[in-house]
Structure formats: structure tokens, C-alpha cells
Amino acid sequence: MTIQRATFTRPLIAVAMVATSTLCAFAQKAPVPTRVRGTIESVNGDTMQVKSRSGEDVKLHIAPDVNVSGITKISLADIKVGSFVGATTVPGPDGGQNAVEVHVFPESMRGTGEGSRPYDLKPNSSMTNATVSDSVVGNDGHTLLVKYKDGEKKVFVADSTPVVTFVPGDKSDLKAGAKVIAFLKPLPDGSFETNRVSVGRDGLTPPM
């Protein structure tokens, strides 16, 4: 009986090892990108070729209902108490949060993505979409207290930090040379479709 039990157990162990290896392989697969930041190289019908900031060539299918918004520069003084903003931040040397960029949402976009979460712009960066409840002007920038449904955060915005806002856009903005952030949807054949693109106006590179 002992010999038979051992013989029967070996295949089970082998199956378990294969299953574990397969799960590990899935876990180690690179995450599917959710956006590409770069410059449009060409647009041909419903296909857009983008050179990413890191140098990859990315071919995108443009969805028929693509939502295009422009990104334009504004000043730090345009951030008011009550503004609904998105702030990309990184930890500062003093333990605070330093803004890499801030985008002010128009009123029609208030509440978009409210909350704070890890972000992929820079190592250890986070994105916080929240309402400005206080703004303190300092010698070299503003310190904002932003509040969202699950908490609050103090964000230091230096005078040199890019501040932008969204303006209406359309498909005609998708042209060679435009700086874009295109949001990606993987298709069954392995290609990508974009149904939302942010385009920098007047040569601006969207900072977020």
C-alpha cells in the first residue's frame, strides 16, 4: 500500500508544480499599458502612429467615438479655492508631496477620477484628483490643501511647476507633430485602440 500511494502521489505533485509555474508566469507578465505619451508621427484614416517618449513606435486604431480634448497652459494663480484639480506628486525631502504638474478640470469635469492613487509618470509618483480647500502663497510657490472623498493631502506647487487645463478638441487635432497622451484599449488581435486622446495646444507637451 505504501508503494502504491507514493506512485499515485508523484503525478499530483508534478501537476501542482506545473500549475504553480504557470501562475508565476502569469504573475510575472508585463502589465498591459493603459496610456502612451508621445508625438504623433502620422494619421492615416483611422490609424495613428505615435512615437512614445521612450522611443517606441506605437500603432493605434482611432475609435469612431474618440474623445479628444486640448491641453493648454494656465498660471499658478488660476488655481483657486474650490477648483477641482488633478495633481501628480512625488515625495519631497521633507516628507511632503511636491507637485510635478497640476491640471485644473473645467466645471463640466468636476469629480473625474476623484481620489488618490499610484501613477506611472515618475517613480513613486501618485495622482490625486480633489478639490482645493485652501491655498497658502509662499515665496517660491503655493501650498494647496486638497480634499477628496477618502482623505486630504497637502501639495506644494513650485512657481516653475507646469499648470494646465482642458479645452474642447476634436479629431482634427490629431495630426503629425502633435504631442499627445492616448489612452489604450487592447484588442483581441493584440493591437491597441484609443477612444480618448489629450492633445497639447501650441506645441505644448501634456505634462501629466
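Residues numbered from 1 in each chain as written. Predicted model: local features only at pLDDT ≥ 70, side-chain atom pairs only at ≥ 80, totals over all residues. Heavy atoms only, no water.

- By the naming in an unreviewed UniProt entry, the chain is DUF5666 domain-containing protein, taken from Bradyrhizobium xenonodulans.

1. Overview of the environment of Ser 133
(1) Moving on: Its place among the elements puts Ser 133 in strand E7 (residues 126–137).
(2) Moving on: Along the chain, Ser 133 and Lys 147 lie 14 residues apart, while their C-alpha atoms are 6.5 Å from each other.
(3) Moving on: Setting aside its immediate chain neighbours within four residues, Ser 133 contacts Val 81, Leu 145 and Lys 147. (Helix = DSSP H or I, 4+ residues; strand = E, 2+ residues; numbered from the N terminus. Contact = heavy atoms within 4.5 Å.)

2. A short note on the nonpolar core
(1) Moving on: Core analysis: the biggest nonpolar cluster contains 17 residues, and Met 48, Leu 60, Leu 174 and Val 197 have the highest contact counts within it.
(2) Moving on: If you list the elements that add at least two residues to this core, you get strand E1 (35–44), strand E2 (47–52), strand E3 (57–73), strand E11 (179–186) and strand E12 (192–200).
(3) Moving on: Top element by residues in this core is E3. It accounts for 5 residues.
(4) Moving on: Formed by 15 residues, the second largest nonpolar core is a distinct cluster that contains Ala 99, Leu 144, Tyr 148 and Val 157. (Core = buried A, V, L, I, M, F, W, Y, C linked by side-chain atoms within 4.5 Å. Buried < 20%, exposed > 50% of the residue type's maximum accessible area, 1.4 Å probe, protein only.)

3. Considerations on the packing of aromatic side chains
(1) Moving on: Here the structure, examined in full by the defined rule, presents 2 aromatic pairs.
(2) Moving on: With 5.4 Å between their ring centres and 45 degrees between their planes, Phe 84 and Phe 105 make a pair best called tilted. Here the residue Phe 84 occupies a position in strand E4 (residues 84–91), and Phe 105 occupies one in the loop between strand E5 (97–104) and strand E6 (115–118), the gap between them amounting to 21 residues.
(3) Moving on: An angle of 20 degrees between the planes, with centres 5.5 Å apart, marks the rings of Phe 105 and Phe 166 as stacked. Taken as a pair, Phe 105 in the loop between E5 and E6 and Phe 166 in strand E10 (residues 163–168) lie far apart in primary sequence, 61 residues in all. You'll find Phe 105 and Phe 166 in the same group, each marked buried.
(4) Moving on: Ring pairing ties together the aromatic residues Phe 84, Phe 105 and Phe 166, which thus form one cluster.
(5) Moving on: Lying over the aromatic face of Phe 183, Arg 196 brings its terminal NZ or CZ to 3.8 Å of the ring centre. (Phe/Tyr/Trp six-rings, centres within 6.5 Å; stacked < 30°, edge-to-face > 60°. Lys NZ or Arg CZ within 6 Å of the ring centre and 35° of its normal.)

4. Some points on the side chain of His 142
(1) Moving on: Note on placement: His 142 falls in strand E8 (residues 141–148).
(2) Moving on: Excluding residues within four positions of it along the chain, His 142 makes contact with Leu 76, Ser 135, Val 136, Val 137, Val 155, Phe 156 and Val 157.

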